[in-house]
Amino acid sequence: MTKMCIGLVSGLLLSATAFASPYADLAQMRAAFFKATSWQIAEHLAAGKTLLVEYSAPNRWRFVPSPNLQEVIIGKKVYVVTQGHVVTLPPAYASKITKHMTSKSKSDPLAGASKADLEKTARDLGMQTLHGKRVHVYSFVVRGISDTLYIGADRLPVRAVMKGVKIRGKRFNIVADFSRFNQPIAIQPPAS
């Protein structure tokens, strides 16, 4: 009797999973991403460049576009560190930078994707292994950019591969690796 109940419950769970739409799965991933209290994204760009973005709730950000430059945003204060020199931006300028840079939607793995885009183009590519972990893979197209998104068992993104991203008139492929979800990330004002 117990084996039959376990088999029935397993079968129901499996069929419920099989009927989930790619759009619904991606929406759940987006919700989990926005609930995260911290994360890190390493965007691997052309020519071996990497942009590092870190977030720690509620209002701490660190952007590292190159080894010699970083921007730290804490609340309404913006610090720019260039080759060890720290500059605190004036409040009026800092306010503009803060609004532009700290929108969580800019880091959203589905940034720019409308519900209609996802319902029309999202495809479930099944399970794969990435970095030794099982991930669920989805593809979709937004504004001419093909995106493949790898989602972990915790419903959080692990990797996004974007093909055809337009930067300064040229098209590039970008790989973004997501990590350190809900882990302590110390973002402090830089020492002067």
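Residues numbered from 1 in each chain as written. Predicted model: local features only at pLDDT ≥ 70, side-chain atom pairs only at ≥ 80, totals over all residues. Heavy atoms only, no water.

**Student:** Account for the confidence of the model for the protein, naming residues and giving values.
**Tutor:** Per-residue pLDDT for the protein averages 85, and the proportion of residues at 70 or more is 87%. Low pLDDT, under 50, characterises residues 1-19; the predicted model gives this stretch 0 contacts beyond four residues in sequence or across chains. (pLDDT = per-residue confidence, 0-100. Contact = heavy atoms within 4.5 Å.)

**Student:** How would you summarise the nonpolar core if you had to cite specific residues and measurements?
**Tutor:** Ranked by size, the top nonpolar core spans 33 residues in total, and within it Leu26, Trp39, Leu110, Phe140 and Leu149 carry the most contacts. Beyond its immediate chain neighbours, meaning those up to four positions away, leucine 26 contacts Leu110, Leu118, Ala122, Tyr138, Phe140, Leu149 and Ile151. Core analysis: the second largest hydrophobic core is formed by 6 residues, Leu130, Val135, Val137 and Val158 among them. (Core = buried A, V, L, I, M, F, W, Y, C linked by side-chain atoms within 4.5 Å. Buried < 20%, exposed > 50% of the residue type's maximum accessible area, 1.4 Å probe, protein only.)

**Student:** Can you break down the environment of threonine 88 residue by residue, with the values?
**Tutor:** Along the chain, the position of threonine 88 falls in strand E6 (residues 85-88). Separated by 16 residues in sequence, threonine 88 and valine 72 have C-alpha atoms that sit 9.6 Å apart. Among all residues touching threonine 88, those that are not within four sequence positions of it are Val78 and Tyr79. (Helix = DSSP H or I, 4+ residues; strand = E, 2+ residues; numbered from the N terminus.)

**Student:** So what about the pattern of salt bridges? Which residues, and what values?
**Tutor:** Counted according to the given criterion, the structure contains 5 salt bridges. Taking the shortest distance from any N to any O, the salt bridge between arginine 180 and glutamate 54 comes out at 3.6 Å. Placement of the pair is arginine 180 in the segment after strand E11 (170-179) and glutamate 54 in strand E2 (residues 50-56), with a sequence separation of 126 residues. Taking the shortest distance from any N to any O, the salt bridge between arginine 159 and aspartate 177 comes out at 2.7 Å. Of the two residues, arginine 159 sits in strand E10 (residues 157-167) while aspartate 177 sits in strand E11, which places them 18 residues apart along the sequence. Note on accessibility: arginine 159 and aspartate 177 belong to one class, buried. Connected through shared salt-bridge partners, Glu54, Arg62 and Arg180 make up one network. (Salt bridge = Lys/Arg side-chain N within 4 Å of Asp/Glu carboxyl O.)

**Student:** How would you explain the pairing of E10 if you had to name every residue and give the values?
**Tutor:** The element E10 is largely enclosed, with a buried count of 8 among its 11 residues. With 6 bridges connecting them, strand E9 (residues 145-151) and E10 associate as antiparallel partners. Across the sheet, residue isoleucine 151 finds its bridge partner in E10, namely proline 157. The antiparallel pairing of E9 with E10 creates a hairpin that spans 5 residues between the two strands, and arginine 155 there sits at a positive phi of about 70°. Judged from the 8 bridges that link them, E10 and E11 form a sheet pairing that is antiparallel. From the neighbouring strand, valine 161 faces E11, where its bridge partner is valine 175. (Pairing = 2+ DSSP bridges.)

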